[in-house]
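Summary of structural features
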Amino acid sequence: MRIKRSLQTLAGVLAAASVGLSLAPAHAADHANEQLYPLFSYRTGPYAPAGIPQWGGIRDYFNYINSHGGIDGVKVLVQECETAYTLERAFECYERYKHGYQGAQVAALFDTSSGFDATISDEARADKLPVVSVAGGREDAVDGAVFPYQFPVLFDYWTESSIVINYIAKQLGGLDKLKGQKIATVYHDSGYGRDTIEPLAILAKKYGFIDIEIPVPDPGEQQQAQWQQIKQQGVNWVFLRAWGVMTPVAIKTAARVGFPSDHIIGDIWSGSEEDVKPAGSAAIGYKAVTVFPSGSNFAISQTLKKEIIDPGKSDLRDTSKFGSVYYNAGLVSAIIYSEVIHTGHEKFGNRPLTPAEGQWALEHLNITPERVAALGATGLLSPLKLTPEDHEGEPSAKIQQWDGHHWNVLTGWLNGDRALFHDAIFAKAAAYAKQKNLPPRPTLTN
Amino acid sequence: MLFLVNIIVAGLLAGLMYALVAIGFVLIYKASGVFNFAQGAMVLLSALTFVTLNEHGLPFWLCFIITVGVLIVASVLIEFLVLRPLVNRSPDTLFMATLGLSFVIEGLAQLVLGTDVHQLDLGIPDVPLKLYGLQVSDFDLFTAAVSILLVAVLALLFGKTRVGISLRAVADNTLAAQSIGIRLPHIWRIVWSVAGVVALIAGLLWGNRQGVQFSLSLVVLKAMPVLIIGGFSSIPGAIVGGLIVGATENLADIYIGPLVHGAVSDWFAYILATAFLLIRPNGLFGEKPIQRV
């Protein structure tokens, strides 16, 4: 009797398994009509406060797009992969999703870490997968001839240096007034932080200011020595290139040594609400560069509020983050991604794109001011035009100031002196090509 | 010259902040011989609990009491779920358990209390007083006073009270202590609770300076060289170790950093600690283990 029952159980298990197996191929192709957006998130770990609002902006925008039928009828499938902002986990996520997921293809991977972007070059080239870094990629990847699969779109830290120096010059009354000024860069001692040493040296040589470079070790929870040094050397302006806890500690330590907050200009990753709120009143007057202006009055933000936030469909657990700098950073990334797919659809038809088609779409992306307006993103997103030779577009940013409660935008879109760095950046790319023995890219048109 | 003095003073004051975290390690090490890697996570949990309650409008004193209550409950649970099943296991096993525990506490704290960055204002001005040209703030003086007070209270606790003597007995010889009627679980609950209160004090002071966020748990990395230099079993050693680490890492950043074109303070403290391990393995004030061979 027991044997009979066991056999019945076994038969049942086998039958269920065979049904499962017969369904498996259909399951694998479940999402064949969708476009995969692998989201390498960090909802845990020390950088989670910067990540969570960004993922909210990304997911809310795709939620809105999908509720209207998708991008030209193609829905976006977001698959999150938690990295805790660590490289090894990001590589694990890359391996998991580089070939797609259950039939959904990846047209382009929008990465979420400067460190990952700097180290993924070889893999992206081997896999022929376009990797996009919005305002945070390696600057030599601007050269599409050497880096066909990397796109550091929208902004770079070299241009940021130029924008900051131009802004300081404007406060002083002209570029000629920079001569003799002491401008210190307090930077996170990492690849990201060290990225502005070279452009600032070029700028200092051109304008005659004294360039002082001061590193801060990660994570930057103790900076008394660095700010004492700033005070002792009689620094006039500080360019703060921080990340995470380093920003509020820098602002508070500056106040401790009596350095004025309105003479500190933060990097784009040092200019969010999460960066200044912990510093309390010491942050009042502090300025920062931004390519993701905060606010919820943009037309697209109002639409999202009505269709996603108010009905309770947002990814944000705390909807007070709606319209914050990091939320808008996510929103900008999602808009750019959607425009890439839309550009590809215009050439290849309204269907999910392959990586090769994604690369073509990226190299022909043209978000004109009119298109920005049609997207409801005027003031939020600067116009963006990429070409096979130029994988960044014309970078621009605004300067904002913290008033204790909100960021107030002080300027319009500012452009840096990109031509000044052109030769140095392209020489770096050429050196990389030589070091890796890369053959010249066959054709850069169409 | 004044600049040099200011750098050293700033380093010494930072060192006191490191020492506050290190004292929590010393307490548990003294009572159980275990290096409690979860102390950093306890700092995060305590500060996050406090600030969350405070943001809900509760007064400072009530937030403090409730947070202490939470830490006592956490200590009881840790003793019951983690330490008791591992009684009489090697210190290495217990260390690995605390390593795992740190991840559990960090994860749970973030899951329940969120990952937001919080401002914590204890209401103590943190702007320079300019005493004879020295860049010292009210907050620095407050931190120094708290550290001295804490050391005094803990010295009394360990040296003069019955509980303190029991703690020392357990640390010296667990089996012998049990044989004379000292209840090990009870002792562990007490010492973890006291270490929790120390974590709360450290968390509040660090949180006031940098905001309450996940990176508070990383302060543990600053405490390690302090412990190696001062000695794992000495509370005054933690203070002296903190002062040495704070001052030397500041000096290293100013005078050695430019020579190597980078920040050195994060690893310089470990070089110093390694040197101490070679010359004086038990640290400046650590007890020399005596074993029958």
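Description of the structure in this document. What you see is a predicted model, and the numbers here were worked out from it, not measured in a lab.

The next thing to look at is the side chain of Ser102(B). Tracing the chain through its elements places Ser102(B) in helix 4 (residues 91–113). With residues near it in sequence (within four places) discarded, Ser102(B) still touches Phe37(B), Ala38(B) and Ala41(B).

With that out of the way, let us pick up the sheet that holds strand 6 (residues 150–151) of chain A. Each strand in a sheet pairs with its neighbour through backbone hydrogen bonds, running either in the same direction (parallel) or in the opposite one (antiparallel). Residues and elements named next belong to chain A. Spatially, the three strands line up as an open sheet ordered 4-5-6, and their pairing is parallel. What marks the edges here is a single partner per strand, and that holds for strand 4 (109–110) and strand 6. Direction of pairing for strand 4 relative to strand 5 (residues 131–132): parallel, over a ladder of two bridges. Bridging from a neighbouring strand, Phe110 pairs with Val132 of strand 5.

Let's shift gears to helix 3 (residues 87–97) of chain A. Residues and elements named next belong to chain A. Listing the buried residues of helix 3 in full gives Ala90, Cys93, Tyr94 and Tyr97. For helix 3, the angular spread of buried residues about the axis comes to 105 degrees, placing them on one side. Summarising the contacts, the buried residues of helix 3 are in contact with strand 1 (35–41), strand 2 (76–82), strand 3 (105–106), strand 4, helix 4 (114–119) and helix 5 (121–127).

Time to look at the interface of chain A and chain B. Contacts between the two partners involve 37 residues from chain A, matched on the other side by 39 residues from chain B. When the two sides are added together, the surface that chain A and chain B hide from each other amounts to roughly 3000 Å², 56% of it contributed by carbon and sulfur. For the pair chain A and chain B, the interface holds four salt bridges. Between Lys321(A) and Asp116(B) there is a salt bridge, with the nearest N and O atoms lying 3.1 Å from each other. Linking chain A with chain B are six residue pairs in polar contact (both at pLDDT 80 or more), by the criterion used here. Every element with two or more residues in the side of chain A that touches chain B is listed here: helix 2 (48–67), strand 8 (210–216), helix 9 (224–232) and helix 10 (246–257) of chain A. In terms of residue class, the side of chain A that touches chain B is built from 16 nonpolar, ten polar and eleven charged.

To continue, consider the packing of aromatic side chains. All names here are of chain A. Enumeration according to the criterion identifies 34 aromatic pairs over all chains in this entry. When the ring of Phe110 is compared with that of Tyr337, the centres are 5.3 Å apart and the planes differ by 80 degrees; the resulting orientation is edge-to-face. Note that Phe110 is positioned in strand 4 and Tyr337 in helix 13 (residues 325–348), a separation of 227 residues in sequence. Each of the two residues, Phe110 as well as Tyr337, counts as buried. Here the aromatic rings of Trp269 and Tyr326 are separated by 6.5 Å at their centres, their planes lie at 10 degrees, and the arrangement is stacked. In this pair, Trp269 sits in the loop between strand 10 (264–266) and helix 11 (273–276) while Tyr326 sits in helix 13, placing the two residues 57 residues apart along the sequence. Here the guanidinium or amino end of Arg241 rests over the ring plane of Tyr157, the centre of that ring lying 4.5 Å away.

It is worth spelling out the packing of helix 9 of chain A against helix 1 (residues 2–32) of chain B at this point. Relative to each other, helix 9 of chain A and helix 1 of chain B sit at 160 degrees, their axes nearing to 9 Å. In terms of orientation, helix 9 of chain A and helix 1 of chain B fall into the roughly antiparallel class. In this structure, the crossing between helix 9 of chain A and helix 1 of chain B has a hand that is right-handed. Each of Gln224(A), Ala225(A), Gln228(A), Gln229(A) and Gln232(A) in helix 9 of chain A lies in contact with helix 1 of chain B, whose residues at this interface are Phe3(B), Asn6(B), Ile7(B) and Ala10(B). Grouping the amino acids of the contact of helix 9 of chain A with helix 1 of chain B by side-chain chemistry returns four nonpolar, five polar and no charged.

The next subject is the pairing of strand 11 (residues 287–290) of chain A. All names here are of chain A. Of the two faces of strand 11, both are covered, the one formed by Lys287 and Val289 as well as the one formed by Ala288 and Thr290. The pairing of strand 10 with strand 11 spans two bridges and is parallel. Following the sheet pairing, Gly266 is matched in strand 11 by Ala288. Both strand 11 and strand 14 (residues 396–402) contribute to a ladder of four bridges, which runs antiparallel. From the neighbouring strand, Thr290 faces strand 14, where its bridge partner is Lys398.

Turning to the state of the cysteines, a few remarks are in order. All names here are of chain A. Throughout the structure, instances matching the rule amount to one disulfide over all chains. Paired by a disulfide, Cys81 and Cys93 hold their sulfur atoms 2.0 Å apart. The sign of the S-S torsion, about -80 degrees, decides the handedness of the disulfide formed by Cys81 and Cys93: left-handed. Taken as a pair, Cys81 in strand 2 and Cys93 in helix 3 lie far apart in primary sequence, twelve residues in all. Residue Cys81 shares its accessibility class with Cys93, and that shared class is buried.

The next point concerns the sheet that holds strand 3 of chain A. Residues and elements named next belong to chain A. Spatially, three strands are ordered 2-1-3 in an open sheet, and the strand pairing comes out parallel. Whereas interior strands pair on both sides, the edge strands pair on one side only; in this sheet they are strand 2 and strand 3. Pairing of strand 1 with strand 3 involves two bridges; the strand directions are parallel. Within strand 3, the residue paired with Leu36 across the bridge is Val106. Along the sheet face, helix 3 touches strand 1, strand 2 and strand 3 and points at about 145 degrees away from the line of strand 2.

This part is about unusual backbone geometry. Residues and elements named next belong to chain A. Cis geometry marks the peptide bond from Asp218 to Pro219, where omega comes out at 0 degrees. Looking at where Pro219 falls in the secondary structure, it is placed in the loop between strand 8 and helix 9. The backbone of Lys128 shows a phi angle near 55 degrees, a positive value even though the residue is not glycine. Considering the arrangement of structural elements, one finds Lys128 in the loop between helix 5 and strand 5.

Here we take up the pattern of salt bridges. In the structure shown here, the tally under the stated rule is 31 salt bridges over all chains. We note a salt bridge from Glu392(A) to Arg418(A), for which the minimum N-O separation is 2.9 Å. Of this pair, Glu392(A) sits in the loop between strand 13 (384–385) and strand 14 while Arg418(A) sits in helix 16 (residues 418–435), and the two are 26 residues apart along the sequence. Pair check on accessibility: Glu392(A) and Arg418(A) agree, each one buried. Close ionic contact of Lys222(B) with Glu249(B) constitutes a salt bridge, the shortest N to O distance being 3.1 Å. Here Lys222(B), found in helix 9 (residues 220–230), pairs with Glu249(B), found in helix 10 (residues 235–255); they are 27 residues apart in sequence, far enough to count as distant.

Once that is clear, we can look at the nonpolar core. Within the largest apolar cluster, 111 residues are counted, with the highest numbers of intra-cluster contacts made by Tyr61(A), Trp227(A), Phe292(A) and Ile336(A). It is helix 13 of chain A that contributes the most residues to this core, twelve residues altogether. Shared between two domains, this core takes at least three residues from each, and those domains are domain 1 (35–155 + 294–395 + 417–435) and domain 2 (158–290) of chain A. When near neighbours in sequence (up to four residues on either side) are disregarded, Tyr61(A) contacts Ile300(A), Leu304(A), Leu331(A), Ala334(A), Ile335(A), Ser338(A) and Leu375(A). Ala22(B), Leu45(B), Ile78(B) and Leu200(B) belong to the second-largest nonpolar core, a separate cluster that totals 84 residues.

Calculation notes
Residues numbered from 1 in each chain as written. Chains lettered and ligands numbered in written order. Predicted model: local features only at pLDDT ≥ 70, side-chain atom pairs only at ≥ 80, totals over all residues. Heavy atoms only, no water. Helix = DSSP H or I, 4+ residues; strand = E, 2+ residues; numbered from the N terminus. Contact = heavy atoms within 4.5 Å. Pairing = 2+ DSSP bridges. Buried < 20%, exposed > 50% of the residue type's maximum accessible area, 1.4 Å probe, protein only. Arc of directions from axis to C-beta. Buried area = accessible area lost by both parts, 1.4 Å probe. Salt bridge = Lys/Arg side-chain N within 4 Å of Asp/Glu carboxyl O. Polar contact = N/O pair within 3.5 Å; in protein donor to acceptor, adjacent residues only side chain to side chain. Nonpolar A, V, L, I, M, F, W, Y, C, P; charged D, E, K, R; others polar. Phe/Tyr/Trp six-rings, centres within 6.5 Å; stacked < 30°, edge-to-face > 60°. Lys NZ or Arg CZ within 6 Å of the ring centre and 35° of its normal. Axes fitted to C-alpha atoms, helices over the stretch in contact; angles between N-to-C directions. Parallel < 35°, antiparallel > 145°, perpendicular 65-115°, else oblique. Left-handed = near helix turned anticlockwise from the far one by under 90°. Disulfide = S-S within 2.5 Å. Core = buried A, V, L, I, M, F, W, Y, C linked by side-chain atoms within 4.5 Å. Domains from an automatic or database assignment.

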